[in-house]
Amino acid sequence: MVLLESRGLSRDDFARYHPAGNLGRVLLLRVKDIMRTGNRLPTAPDTVTVQDAILAMTKARSGSIALLNRKSRRLTGILTDGDFRRGALTGPDFLSKPVADFMTRNPKIISQHALGVEALRLFEAHKIDDLIAVDERGRPVGLVDGQDLPKLKIV
């Protein structure tokens, strides 16, 4: 890389010239290429109960759920397994309470067009396991689960 940089070539240039190699693949991989979508992206209005949110997470086999404003469909929060466990400590009736009482507001997000390595940086910097991928309007379009990264060989 030092030699490439001395010649004025960047990592992006290297990736373009060697896309089949591991480094090239890693440098070109975008969030949209690795995120969970469709039925693997659990979403719900932020007005549902904790129980309904957990059922949606379980159905999608996910450790989190994107919570949305009912009207705008914009992201308002995330409920993670950790949020759920902490909520369970509040008492036996927490499953019937609104998920908004337990969700993490203003969660970390990433553009679906960002590089995959940027997702890795966010995971490490913020000590989180899940990132909501958003479109240009801030609406959830995917979920990047930290458990998926080793399979993709970008860690």
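Coordinates for the structure precede this section.
For clarity, every value in this text was computed on a predicted model and none was experimentally measured. (Residues numbered from 1 in each chain as written. Predicted model: local features only at pLDDT ≥ 70, side-chain atom pairs only at ≥ 80, totals over all residues. Heavy atoms only, no water.)

Trainee: How do you make sense of helix 7 (residues 116–126) when you look at a structure like this?
Mentor: Every α-helical turn comprises 3.6 residues, leaving residues that sit three or four positions apart pointing alike. If you check which residues of helix 7 are buried, you get G116, V117, A119, L120, L122 and F123. Backbone geometry just downstream of helix 7 places K127 in the positive-phi region, at approximately 55°. (Buried < 20%, exposed > 50% of the residue type's maximum accessible area, 1.4 Å probe, protein only. Helix = DSSP H or I, 4+ residues; strand = E, 2+ residues; numbered from the N terminus.)

Trainee: Would you explain the pairing of strand 2 (residues 64–68) in this entry?
Mentor: For a regular strand, side chains alternate in direction, first toward one face of the sheet and then toward the other. Most of strand 2 sits inside the fold, with five of its five residues counted as buried. Side chains S64, A66 and L68 project from strand 2 onto one buried face, and the interleaved I65 and L67 project onto a second face that is buried too. Bridging between strand 1 (residues 43–45) and strand 2 involves three bridges; their strand directions are parallel. By the bridge assignment, P45 is partnered in strand 2 with L68. Crossover strand 1 to strand 2 through helix 5 (residues 50–60) is right-handed. Relative to strand 3 (residues 75–80), strand 2 runs antiparallel, the two being bridged by five bridges. (Pairing = 2+ DSSP bridges. Right-handed = clockwise from strand over helix to strand, strands pointing away.)

Trainee: It is not clear to me how the sheet that holds strand 2 should be interpreted in this structure. Could you clarify?
Mentor: Hydrogen bonds between backbone groups are what pair the strands of a sheet, and the pairing can be parallel or antiparallel. Within the open sheet, the four strands sit side by side as 1-2-3-4. Their pairing is mixed. With partners counted over all chains shown, the strands left at the sheet margins are strand 1 and strand 4 (104–105), one partner each. In this fold helix 6 (residues 81–88) packs onto strand 3 and strand 4, with an angle of close to 70° to the strand it touches most, strand 3. (Contact = heavy atoms within 4.5 Å. Axes fitted to C-alpha atoms, helices over the stretch in contact; angles between N-to-C directions.)

Trainee: Sorry, what's going on with the layout of surface pockets here?
Mentor: Picture a little ball the size of a water molecule; that probe, rolled over the atoms, points out where space is still empty. Volume-wise, the largest pocket comes out at about 370 Å³. Those elements that place two or more of their residues in the lining of the largest pocket are strand 3 and helix 6. Considering each element in turn, the lining of the largest pocket owes the most residues, four residues, to helix 6. (1 Å grid on protein atoms, 1.4 Å probe; cavity = no way out; pocket = protein on both sides within 12 Å on 5 of 7 lines; lining within 4 Å. Points joined across faces, edges and corners; volume = space filled by probe spheres on them.)

Trainee: I tried to follow the packing of aromatic side chains on my own but got confused; where do I start?
Mentor: Counted under the stated rule, the structure contains two aromatic pairs. Ring geometry for F84 against F94: centres 5.5 Å apart, planes inclined by 50°, an arrangement best described as tilted. With F84 in helix 6 and F94 in the loop between helix 6 and strand 4, this pair connects stretches of sequence that are ten residues apart. For F94, a relative accessible area of 7% translates into the label buried. Between the aromatic rings of F94 and F102, the centroid separation amounts to 6.1 Å while the plane-to-plane angle is 80°, which identifies the pairing as edge-to-face. Look at F102 and you get buried, because its relative accessible area is 15%. (Phe/Tyr/Trp six-rings, centres within 6.5 Å; stacked < 30°, edge-to-face > 60°.)

Trainee: What am I meant to see in the nonpolar core here?
Mentor: Burial of nonpolar side chains together is a common tendency in soluble globular proteins. Membership of the largest hydrophobic core comes to 14 residues, with the highest contact counts inside it found for V31, I110, A119, F123, L131, V144 and L149. Looking at this core element by element, the count peaks at four residues for helix 7. Look past the residues within four positions of A119 in its chain and what remains in contact with it is V31, I110, L131 and V144. Counting 13 residues, the second-largest nonpolar core is a separate cluster that includes A53, I65, V99 and M103. (Core = buried A, V, L, I, M, F, W, Y, C linked by side-chain atoms within 4.5 Å.)

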